[in-house]
Each structure stands twice: as structure tokens, then as C-alpha cells.
Amino acid sequence: MGYREWRAAKLANYPLHVDELIVQIGGLIAPDSASLAAVRSSCRRANMAIYSCRDPAVDRRSILAFAAHFGLYRIDRHLCANDDGVAELTVTSDGARGDYVPYSDRSLSWHTDGYYNEESGRVRSVILHCRQDATTGGQTALLDPEIAYIRLRDANPAYITALEHPACMTIPANVQGGREVRPAVSGPVFSSDRAGGALQMRYSARKKNIRWRDDRATAAARACLTELLADDTGPVLRYDLQPGQGIISNNVLHNRTAFEDGPSRKRLLYRARFFDRINS
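Each chain carries its own residue numbering, running from 1 in the direction its sequence is written. Local features in this predicted model are restricted to residues whose pLDDT is 70 or higher, and side-chain atom pairs enter the listing and the counts only when it is 80 or higher, whereas totals over whole chains, interfaces and linings include all residues. Neither water nor hydrogens contribute to the side-chain values; these are computed over all heavy atoms in the structure.

Peer 1: Please clarify how the pattern of salt bridges should be interpreted in this entry.
Peer 2: Think of it this way: side chains of opposite charge can pair up when their charged atoms draw near. By convention in these notes, a salt bridge is any Lys or Arg side-chain nitrogen within 4 Å of a carboxyl oxygen on Asp or Glu. Tallied over the full model, the rule gives 14 salt bridges. Among the ionic pairs, lysine 10 bridges to aspartate 144, the shortest N-O distance being 2.5 Å. Highlighted residues: lysine 10 in helix 1 (residues 3–13) and aspartate 144 in the loop between strand 7 (140–143) and helix 4 (145–155), separated in sequence by 134 residues. Here aspartate 144 falls in the buried class, since its relative accessible area comes to 0%. Salt-bridge contacts for aspartate 113 lead to arginine 273; the nearest nitrogen and oxygen are separated by 3.0 Å. Taken together, the residues aspartate 113 in the loop between strand 4 (108–111) and strand 5 (125–132) and arginine 273 in strand 19 (residues 268–274) connect sequence positions 160 residues apart. In this scheme, a residue with accessible area under 20% of its type's maximum is buried, one over 50% is exposed, and one in between is partly exposed, where area comes from a 1.4 Å probe on protein chains only. For aspartate 113, a relative accessible area of 3% puts it in the buried group. One network of salt bridges, with partners in common, ties together Lys10, Asp144 and Glu146. Only runs of H or I of at least four residues qualify as helices and only runs of E of at least two qualify as strands under DSSP, and these elements are numbered from the N terminus.

Peer 1: Can you help me understand the sheet that holds strand 17 (residues 253–256) in this one?
Peer 2: What links the strands of a sheet is backbone hydrogen bonding, and the strands pair in either a parallel or an antiparallel sense. Ordered in space as 4-17-7-15, the four strands form an open sheet in which the pairing is antiparallel. Each having just a single partner strand, strand 4 and strand 15 (237–239) make up the two edges of the open sheet. Across the sheet, the mean angle from the axis of one strand to that of its neighbour is 15°, orientation sign disregarded. Two strands qualify as a pair provided DSSP detects at least 2 bridges between them. The sheet contact formed by strand 4 and strand 17 spans two bridges and is antiparallel. Residue histidine 111 lies in a different strand from strand 17, and its bridge partner there is histidine 254. Every axis in this analysis is a line fitted to C-alpha atoms, fitted for helices over the stretch in contact. Angles between the N-to-C directions lie between 0 and 180 degrees.

Peer 1: Please explain helix 4 as it appears in this structure.
Peer 2: Structurally, the α-helix is built with 3.6 residues per turn, so residues lying three or four positions apart point the same way. For helix 4, every residue scored as buried is listed here: Pro145, Glu146, Ile147, Ala148, Tyr149, Ile150 and Leu152. Pairs of N or O atoms within 3.5 Å make up the polar contacts considered here, provided that, within protein, one atom can donate a hydrogen while the other can accept it, and that residues adjacent in sequence are counted only when both atoms are side-chain atoms. Between the side-chain oxygen of the N-cap and the backbone nitrogen of glutamate 146 there are 2.9 Å, and the N-cap of helix 4 in question is aspartate 144.

Peer 1: Help me understand the packing of helix 1 against helix 4, please; the structure alone is not making it clear to me.
Peer 2: Any two packed helices are characterised by how steeply their axes cross, that is the angle between the axes, and by the distance between the axes. Two elements in contact, helix 1 and helix 4, have axes whose closest approach is 11 Å; the angle formed by their N-to-C orientations is 120°. On the basis of their axis angle, the class for helix 1 and helix 4 is oblique. With respect to the hand of their crossing, helix 1 and helix 4 are arranged in left-handed fashion. Only Glu146, Ile147, Tyr149, Ile150, Arg153 and Asp154 of helix 4 make contact with helix 1, whose side of the interface consists of Tyr3, Trp6, Arg7, Lys10 and Leu11. Under the scheme applied here, ten amino acids are nonpolar (Ala, Val, Leu, Ile, Met, Phe, Trp, Tyr, Cys and Pro), four are charged (Asp, Glu, Lys and Arg), and all others, including Gly, are polar. Counted by class, the contact of helix 1 with helix 4 contains six nonpolar, no polar and five charged residues. By definition in this entry, angles of less than 35 degrees are roughly parallel, angles greater than 145 are roughly antiparallel, angles of 65 to 115 are roughly perpendicular, and the rest are oblique. The crossing is said to be left-handed when, going from far helix to near helix, the turn is anticlockwise and less than a right angle, and right-handed when the turn is clockwise. Contacts: residue pairs with any heavy atoms within 4.5 Å of one another.

Here you go:
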């Protein structure tokens, strides 16, 4: 299939409303075949699905069992994850987690997960499961990177050329207490997955600890992408995850609004990142 045919099919099938992504499932450990097929169909359509689980007893083990149904086994055991590789996103001031925004009640800017990883550790899929929502706030915004690619290429093909440059985006080394935890990582925003040729994206809209290639084409491409992500009438989908609901995706663009916990209601989400794509 050529680009024009792929573009037409993608735009024709992309959901107009976030509710089109929702799949009802009985449980994460042993979902029925119809639910699994519905999740895969949604991921083929938009690189993501929102599942709504009727089983309230979901734990980290359930997340990993659910992931296995989609061929997701190689988990990213990153700095702040538990021993099983599943992170618990909740407000904390303890240890290494307290230094990172996901473990706070502050907003998270647009990004794809693991944008600071080297190519050998590319995060290709993510499961984000809500165990408890906040009292107020914490809304998630989502955008399929393939739609972002199409919109940018439609605006100006030179934007894609700039964002495919191997030195387009550099994340400086992570140094803590004089020790290098992670080296500096440079790479493109858009690239083709070596494993299967699928389009993949690494991106962060953060203002600090990031270096962009200093040329006009890159600056213009970034400005166009920023405008797209801020467009309330554009293709961005927004959703308030409720307890028992989650997002499974091929590492789509996403952000999070700030939130507030209550005296007896503390937001908790499980997050698992994988080096595999969903076998949709």
C-alpha cells in the first residue's frame, strides 16, 4: 500500500470521539476472545484502546497477564518501576520517585513514554490502568502518532524531514549525586521500527533538560506540532479514566492535567512499558 492509500484509510477509520475506543471486558487475567479481538481492532484503527474492566480486583500481576494476551512480554524495568517492572503512579515524596513529575499531582506535558531511552530500549507499547482516580483533575489527552505524522506532512513535507533527522532531539544525561544514571540520548522524532517497519515516535514538549537541533526547519516543525496538540477542535482525544479502566497503546502521544487528591482518596495508576508492539 502506498502512502496516499494508507493516509486515506487511516483518516477514514480514525475515531471522531473517544467513546469509540472503549471496550468492555470481564477481567484482565482471562478476557474472552471477543474482548481481545475488540481491543486489537481498536489498536489497528488508532494504535490504542480504552478498556473498562468489570473485575475490581486488579493488581500488578493482572496487568502483566493482560499484556501477555497481546504479545507484550519484554517489560521496561526502568528506574522508578517495581521489581516486576510495573510502576505505581501516585503522589510521593519518597526516594527517586519523588524527583519525577509522574509521581506528583502536577500536570504532565505532551510526550511519548521512554523518549529518553536509547534505541535498544525503545518503548513500543504501554498499559496504563486506573486503580483509583483523583478527587478532581487528572484528565488524559491522547493522539495517535500516525495522525500527527499525517497532519505535519500535509502542512509541509519538510517538517517530516526535519523531525526524522538523527540529531533532531537530544535528552541530556541524567546525573544524580555526581553519578551518571543515564547517558545523553539523541535521535529522531519520527522513525520506522526496525522490527516491523511501523511508524514510531519519540517526543517530549518539556521546556527543560531537552535540546533540539538548532535550525529553522526543526523550529517550524515543532511549532506546527505544538499548535496541533493545542487545537481543541483537532484530532486530540480526551478522557477521564475511572477505577477499573485503562489504556493499552502502541505508545501514543499523551499528557495529563494537574489533579487533587482527597483526604481518603489518593490517585493510583499502574503503568507498564514494553519493548514489544501490540500483536494486533
